[in-house]
Amino acid sequence: KMDPGNVSAFDDEAMENVAQDFSNNDFKFMQSLAVHTGSVRTIAVNDNGLMLSGSVDQSCKLFSLDSSGKYEFLQEFHHHDHYVYSVACALDNKGFFTSGKDQKIYMIDNSGNPEKLFEGHTQLVNMVKPVNESTIISGSWDGTAKIWDTNSCQ
């Protein structure tokens, strides 16, 4: 049996065991959400059943989980001037954060309305992540990670 702590143990027998371990899963395809016109770069789902996707088509799409367990499309919005690289759920489930190639970070409500704009990166922002209800962290191709106060946008 393969030792998962030893990455050098990936010989033919180990790979066969891995394939066997995953061959008995119970996963099944449930739904396709083909609403973007470009590749989807990022997806976030909050505890309220809302899902937000971001794409190279410069849009974010908002979905809601219905009573049958399927996501239904609610709306599209375009806040970014270029690709959307990252979306993340606000920890209070009252909205989302989005970031993109336009060097901007938006805080939006659960209806997609922009509430706050964070600016300060000099290249695309490829990651945004909430730390707590008043702090987010962003990472950028400008070589910086920035910590932001969501109350002051600084």
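Look a little higher up for the structure.
A quick note: this is a predicted structure, and the numbers were derived from the prediction, not measured.

Asker: Any chance you could explain the sheet that holds strand 11 (residues 145-149) here in plain terms?
Answerer: The strands making up a sheet associate through hydrogen bonds between their backbones, and the pairing can be parallel or antiparallel. The 3 strands are arranged 9-10-11 in an open sheet whose pairing can be described as antiparallel. The open sheet terminates on both sides in strands that have one partner only, identified here as strand 9 (125-132) and strand 11. For this sheet, the mean inter-axis angle between neighbouring strands, taken without regard to orientation, is 20 degrees. Where strand 10 (residues 135-140) lies against strand 11, 5 bridges are found, and the strand directions are antiparallel. Of the residues in strand 11, the one forming a bridge with S138 is K146.

Asker: Any chance you could explain the nonpolar core here in plain terms?
Answerer: Among soluble globular proteins, nonpolar side chains are generally buried collectively. A44, L50, L52, C60, L62, F77, V84, V87, C89, F96, Y106 and I108 form the largest nonpolar core, which has 12 residues in total. Among the elements of the structure, strand 2 (50-55), strand 3 (60-65), strand 5 (84-89) and strand 7 (104-109) are those that each provide at least two residues to this core. Discounting chain neighbours no more than four positions away, the residues touching V87 are T42, I43, A44, L52, G54, C60, F97 and T98. The next biggest cluster of nonpolar side chains, apart from the first, holds 11 residues, and it includes F97, I105, V128 and C153.

Asker: How should I be thinking about the side chain of T135 in this particular structure?
Answerer: Within the fold, T135 resides in strand 10. When its relative accessible area of 18% is taken as the criterion, T135 is described as buried. In this structure T135 touches P130, I147, W148 and T150, once residues within four positions along its chain are discounted.

Asker: Explanation requested: unusual backbone geometry in the structure shown.
Answerer: Leave glycine aside and you will find that most residues have negative phi; peptide bonds, for their part, are mostly trans. Even without a glycine there, the phi angle at N93 is positive, about 60 degrees. Tracing the sequence through the fold places N93 in the loop between strand 5 and strand 6 (95-100). Its identity is not glycine, yet Q103 carries a phi of approximately 75 degrees, on the positive side. Position of Q103 among the secondary structure elements: in the loop between strand 6 and strand 7.

Definitions and limits used
Throughout this description, residue numbers start from 1 for each chain and increase along the sequence as written. In keeping with the model being predicted, local features are shown solely for residues with a pLDDT of at least 70 and side-chain atom pairs are shown and tallied solely at 80 or more, while totals for entire chains, interfaces and linings include all residues. Side-chain figures throughout are based on the complete set of non-hydrogen atoms in the structure, without hydrogens or water. A pair of strands is labelled paired if DSSP reports no fewer than 2 bridges between them. We count a stretch as a helix when DSSP gives it H or I for four or more residues in a row; a strand needs E for two or more, and each element gets its number in order from the N terminus. Fitted lines through C-alpha atoms serve as axes, helices being fitted only where they are in contact, and the angles separating the N-to-C directions of these axes extend from 0 to 180 degrees. Definition used in this section: a nonpolar core is a set of buried Ala, Val, Leu, Ile, Met, Phe, Trp, Tyr and Cys residues joined via side-chain atoms within 4.5 Å. Note on exposure labels: buried denotes an accessible area under 20% of the residue type's maximum, exposed denotes more than 50%, and partly exposed covers the range between, all computed with a 1.4 Å probe on protein chains only. The contact definition used throughout considers only heavy atoms, calling two residues in contact when any of these lie within 4.5 Å.

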